[in-house]
Amino acid sequence: MTLQQLEYLLAVHQHQNFLKAADACFVTQPTLSMQIQKLEEEFELKIFDRRKQPIVATPAGVEIIEHARNVINAAHELSSLVESQKGKMKGQLRIGIIPTLAPYLLPLFVPSFTKNYPGVKLLVQEQTTDVLISMLKQGSIDVGILVTPIKENGISEQVLFYEELMVYASKNNRLYQKQYLLQKDIDVSKLWLLEESHCFRSQILSLCELKKQSSEFFNFEYEAGSIETLKRMVDVNDGITIIPELVTFQMPKNELRAVRNFKSPAPMREVSLVVHGNFVKKRLIDSLKRSILDTIPEKLRLNKKKNVIPIQL
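Criteria and thresholds
- Residues numbered from 1 in each chain as written.
- Predicted model: local features only at pLDDT ≥ 70, side-chain atom pairs only at ≥ 80, totals over all residues.
- Heavy atoms only, no water.
- Core = buried A, V, L, I, M, F, W, Y, C linked by side-chain atoms within 4.5 Å.
- Buried < 20%, exposed > 50% of the residue type's maximum accessible area, 1.4 Å probe, protein only.
- Helix = DSSP H or I, 4+ residues; strand = E, 2+ residues; numbered from the N terminus.
- Contact = heavy atoms within 4.5 Å.
- Expected span 1.5 Å × (residues − 1).
- Arc of directions from axis to C-beta.
- Axes fitted to C-alpha atoms, helices over the stretch in contact; angles between N-to-C directions.
- Parallel < 35°, antiparallel > 145°, perpendicular 65-115°, else oblique.
- Left-handed = near helix turned anticlockwise from the far one by under 90°.
- Nonpolar A, V, L, I, M, F, W, Y, C, P; charged D, E, K, R; others polar.
- Salt bridge = Lys/Arg side-chain N within 4 Å of Asp/Glu carboxyl O.

### Quick look at the nonpolar core
Here is a general trend for soluble globular proteins: nonpolar side chains tend to be buried in one another's company. If you look at the biggest cluster of nonpolar residues, it comprises 72 residues, and the most contacted ones within it are Leu93, Ile145 and Ile242. With 8 residues, the top contributor of residues to this core is strand β6 (residues 155-169). Leaving out residues up to four positions away in the same chain, Ile242 has contacts with Leu165, Met166, Val167, Ile186, Leu191, Phe200, Ile204, Leu207 and Phe262. Listed in part, the 20 residues of the second largest apolar core include Ile36, Ile47, Ala57 and Ala68.

### Structural notes on helix α3 (residues 29-43)
The end-to-end C-alpha separation of α3 is 21 Å, in line with the 21 Å expected for 15 residues at 1.5 Å each. Those residues of α3 lying buried are Leu32, Gln35, Ile36, Leu39 and Glu40. Buried residues of α3, seen end-on, are gathered within an arc of 140° and therefore sit on one face of the element. With respect to the buried face of α3, the exposed residues turned more than 90 degrees away are Pro30 and Glu41. In this fold, the buried residues of α3 make contact with α1 (3-15), α2 (18-25) and β1 (48-49).

### Considerations on unusual backbone geometry
For the bond running from Thr148 to Pro149, omega is 0°, close enough to zero to count as cis. Note that Pro149 resides in the loop between β5 (143-148) and β6. At the junction of Ser264 and Pro265, the peptide bond is cis and its omega measures out at 0° in the coordinates. With respect to the element layout, Pro265 can be found in the loop between β9 (259-262) and β10 (268-276). Even without glycine at this site, Phe26 takes up a positive phi of about 60°. Along the chain, the position of Phe26 falls in the loop between α2 and α3. For Phe26, a relative accessible area of 77% corresponds to the exposed category. With a phi angle near 55°, Asn307 is a residue other than glycine that sits in the positive phi range. Mapped onto the elements of the fold, Asn307 is located in the segment after α12 (298-302).

### A short note on the packing of α1 against α2
One can describe the packing of α1 onto α2 by two numbers: an axis separation of 8 Å at closest approach and a directional angle of 130°. Taken together, the axis directions place α1 and α2 in an arrangement best described as oblique. You can see that α1 and α2 cross each other, and the crossing is right-handed. Touching Tyr8, Ala11, Val12 and His15 of α1 are Phe18, Lys20, Ala21, Ala24 and Cys25, all from α2. Taken together, the residues that form the contact of α1 with α2 break down as 7 nonpolar, 1 polar and 1 charged.

### Brief notes about the pattern of salt bridges
Counting across every chain of the model gives 17 salt bridges. With its nearest N and O atoms 2.8 Å apart, the salt bridge here joins Glu245 to Lys299. Here Glu245 is found in helix α9 (residues 245-248), whereas its partner Lys299 is found in helix α12, with 54 residues between them in sequence. When the shortest N-O distance is used, the salt bridge between Asp286 and Lys282 registers 2.9 Å. Here Asp286 and its partner Lys282 are both found in helix α11 (residues 282-295), 4 residues apart, which amounts to about one turn of the helix.

### Looking at the packing of helix α5 (residues 102-116) against α11
Where α5 meets α11, the closest approach of the two axes is 9 Å, and the angle between their N-to-C directions is 120°. By the angle class used here, α5 and α11 are oblique. Along this stretch, α5 crosses α11, giving a crossing that reads as right-handed. The residues of α11 that touch α5, namely those facing Leu105, Leu108, Phe109, Ser112 and Phe113, are Leu284, Ser287, Leu288, Ser291, Ile292 and Thr295. Classifying every residue of the contact of α5 with α11 gives 7 nonpolar, 4 polar and no charged.

Spelled out as structure tokens, the structure:
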């Protein structure tokens, strides 16, 4: 048994396909298949049920895969420890981040992190919250940057900052004329929303007390995949959307004129680093946290935990 064979094992389990697993490991499919077969011969049992598509682990294979993941994680941690003893920070850090944070947060901390830790390779994936939680549990990412609390078993949350939720209003909308808003001011028939898969959508529905209401409240069918698309739709139509505070720090002045705050206490969302309970690479993740806190606007660091809007997964 070798660490490389265990890496192949985890790749097949993740991709549920030998060809995709081989591509991910940068080897040929015959090479990967042969190594998996050798491992099964050594264990004298089948790890994968090849009769099913997509390929799944056998009952015995499920337990073996979990132990293999622990072995690989321990090996990575040992490598990090050795580099730490040498006074170096090396390796790779696999980060997952949600779409409503990625375009606004990544440009802040990535340049400083890569400059301060040139020996660390950042691998960043943008996915929705439910996908990233699954990836954390599978060990395919080391840390997630998510909106919390998610209260998921086996998942640990380290709060980074709180950001206000704000309204972005069309010049044609009545809210454009108001300075501060109440939640009851939101006209749901004018509200533009993200797609169903986004946790930010669930927060908006909770904010507007609509989470149990049907789609008949909305007089349109279009749902956007990004906050930037929502802003453009508001600009050219009579309507409003809800945006997180971090978005506003990159806005030009003409767009800032369309932003309205809620009356205090403003609704907030909580942003955290999220890791699996048995996570490794602690020093790298601690360095990531420092880099983020050092580069976000001071206003976000000063925001207090109050009126945090829940998310529904």
